[in-house]
Amino acid sequence: MANAYETLGVPKGASDEEIKRAYRKMAAQHHPDKQGGDTAKFQEIQSAYETLTDPQKRAQHDNPNPFHGFQQGGPHGSHFEFQFGGGGPEDIFAHFFNQGGFGHNPFQRQHQPRRNKDLRVQMSVSLASTLEAQKKTISVQTTKGDRYNVDVDIPRGINNGTTIKYTQMGDNMFDTLTRGDLYVIINVENDNRFELHGINLVSNLEIDSIDAMLGAEKSVTGIDGREYMIKIPQGCQYNTKFGLQGQGLYQMNSNIRGDLIVNVVIKTPLLNEQQLNILRNIKTNQ
């Protein structure tokens, strides 16, 4: 196989960015659609680029199979000789299946048709917005510099890291190849008011120790901005939890909704001397 680095004119330790720049320059120079373009050279450039941008292929290219040939025979026996251009053991099977009349070679690689590269873009949405299905428009730029808008349909209850695929809406560097796909990766932003436990939300409600002893009514704000009143009983303890059913997040593509769990955090206020004396008397008379 031709040396991919020499084909693109880059050193062996070239970075991905250096390889990409060299590829774009040479591909544009030898593209078959361009006057004076060379199809064979273009295909060689394309193959070199695919090799160097795939970590596994690049590793195999940099460290070829050490078995270059196989020879067997003697003065009185049959003589077989195979020469492999850097291939692996599967090439031995290919020789027998393809040349020996044994039919289909199960070890033969199936080559996928070439096409333009896929594009991946990030899109951020707020945690509260996942309560409803939504449509957002994102701007995408191809390798050639073309820019276009894509309307992204986001289902209710979308999860962080969910990927939405748009077929043949990716890169279009080469007009003669099938267009790549577009992958939109959804990032759901954190909301510091809540902890996520699946589709349940946990929120802390801070009260002072006097309210914990006497009891009180406190207001809690849900993910949707609505206010809910919670009745704190007398003698409420630290980490007491109250559940607001159906006020959490939605399960994606479902009507199932989680709960809002309110966790009581008790804070001790600073008291003056007179107030402290009252507490001392209460404790003494217990």
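Here, every reference points to the structure presented above.
Summarised in this report is the structure supplied together with it. Model, not experiment: these values are computed from the prediction.

1. Overview of the pattern of salt bridges
Logical step 1: Within the structure shown, the criterion is met by 10 salt bridges.
Logical step 2: For Arg 21, the salt bridge identified is with Glu 17, shortest N-O distance 3.9 Å. One end of the pair is Arg 21 and the other is Glu 17, both in helix α2 (residues 16-30) and 4 residues apart, which spans about a single turn.
Logical step 3: Note that Asp 181 and Lys 165 form a salt bridge whose closest N and O atoms lie 3.6 Å from each other. Remark: Lys 165 occurs in strand β6 (residues 163-166) and Asp 181 occurs in the loop between β6 and β7 (182-188); sequence separation between them is 16 residues.
Logical step 4: On the basis of relative accessible area, Lys 165 is assigned to the partly exposed category, the value being 46%.
Logical step 5: What emerges from the salt-bridge pattern is a single network uniting Arg 115, Asp 118, Lys 165 and Asp 181.

2. Observations concerning a nonpolar patch on the surface
Logical step 1: Where nonpolar side chains cluster on the molecular surface, the patch consists of Ile 210, Met 213 and Leu 214 and spans about 290 Å² of accessible area.
Logical step 2: By secondary structure assignment, the location of Met 213 is in helix α6 (residues 209-214).
Logical step 3: Residue classification places Met 213 among the partly exposed residues on the basis of a relative accessible area of 49%.

3. Observations concerning the packing of aromatic side chains
Logical step 1: With the rule as written, the count across this model stands at 3 aromatic pairs.
Logical step 2: Taking the centre distance of 5.8 Å and the plane angle of 75° together, the rings of Tyr 23 and Phe 174 count as edge-to-face. Of this pair, Tyr 23 sits in helix α2 while Phe 174 sits in the loop between β6 and β7, and the two are 151 residues apart along the sequence. Both residues of the pair, Tyr 23 and Phe 174, count as buried.
Logical step 3: Between Phe 42 and Phe 174 the ring centres are 5.2 Å apart and the planes differ by 75°, which places this aromatic pair in the edge-to-face class.

Rules and cut-offs
- Residues numbered from 1 in each chain as written.
- Predicted model: local features only at pLDDT ≥ 70, side-chain atom pairs only at ≥ 80, totals over all residues.
- Heavy atoms only, no water.
- Salt bridge = Lys/Arg side-chain N within 4 Å of Asp/Glu carboxyl O.
- Helix = DSSP H or I, 4+ residues; strand = E, 2+ residues; numbered from the N terminus.
- Buried < 20%, exposed > 50% of the residue type's maximum accessible area, 1.4 Å probe, protein only.
- Patch = residues over 30% accessible without salt bridge, like charges linked within 9 Å, V, L, I, M, F, W, Y side chains within 5 Å.
- Areas by Shrake-Rupley, 256 points an atom, 1.4 Å probe, with all protein chains shown as cover.
- Phe/Tyr/Trp six-rings, centres within 6.5 Å; stacked < 30°, edge-to-face > 60°.

Fair warning: the whole summary comes from geometry, so function is off the table for now.
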